[in-house]
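# Coordinates in review
So you can see what is in the structure, the chains are spelled out below.
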Amino acid sequence: MDIIEIIGFVAAFLTTAAFLPQVYKTWKTKDVSALSLPMLLMFFVGVFIWLVYGFYKNSPSMIMANAITLCSAFLLIYFKIKYTKNP
């Protein structure tokens, strides 16, 4: 593993770990009022494309980070739909 991939893993850990508290907080509080569904959907698609790019570039750090973040983004979308109060 070269230095660039190590840097990638550090960045992957930090950016992925930064996202997880939001997922946990939303799960615990069920408060989705501050989450924008269009933003979450665009984010999900963007992360999916980064994941495809990571496979194309054969970058383990990019694949790992985006796979975990894709799951996290999916959970937030699920929570947003499930916990949104409909009148």
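The rules we used
Residues numbered from 1 in each chain as written. Predicted model: local features only at pLDDT ≥ 70, side-chain atom pairs only at ≥ 80, totals over all residues. Heavy atoms only, no water. Helix = DSSP H or I, 4+ residues; strand = E, 2+ residues; numbered from the N terminus. Contact = heavy atoms within 4.5 Å. Areas by Shrake-Rupley, 256 points an atom, 1.4 Å probe, with all protein chains shown as cover. Phe/Tyr/Trp six-rings, centres within 6.5 Å; stacked < 30°, edge-to-face > 60°. Buried < 20%, exposed > 50% of the residue type's maximum accessible area, 1.4 Å probe, protein only. Patch = residues over 30% accessible without salt bridge, like charges linked within 9 Å, V, L, I, M, F, W, Y side chains within 5 Å. Salt bridge = Lys/Arg side-chain N within 4 Å of Asp/Glu carboxyl O.

A word on the overall build of the protein. For the protein, the helix and strand inventory stands at three helices and zero strands. Projected onto the principal axes, the alpha-carbon positions of the protein cover approximately 55 × 20 × 15 Å. Sequence-distant contacts in the protein: of pairs separated by 6 or more residues, those separated by 24 or more amount to 73%. Total accessible area on the protein stands at roughly 6,200 Å², and carbon and sulfur atoms take up 75% of it.

This brings us to the packing of aromatic side chains. Scanning all chains against the criterion turns up five aromatic pairs. Here the aromatic rings of Y78 and F79 are separated by 5.9 Å at their centres, their planes lie at 55°, and the arrangement is tilted. Here the aromatic rings of F79 and Y83 are separated by 5.6 Å at their centres, their planes lie at 25°, and the arrangement is stacked. Taken together, the residues F79 and Y83, both in helix α3 (residues 60-83) and four residues apart, mark about one turn of the helix. Like Y83, F79 is buried.

What follows deals with a nonpolar patch on the surface. Side chains of M1, I3, I4, I6, I7, V10, F13 and L14 sit close together on the surface and give an oily, nonpolar patch of about 890 Å² of accessible area. Structurally, I6 is set in helix α1 (residues 3-29). In this structure I6 comes out as partly exposed when scored by relative accessible area, which is 39%.

Position of T16 among the secondary structure elements: in helix α1. Owing to a relative accessible area of 8%, T16 belongs among the buried residues under this scheme. Among residues more than four places away in sequence, those in contact with T16 are A65, I68 and T69.

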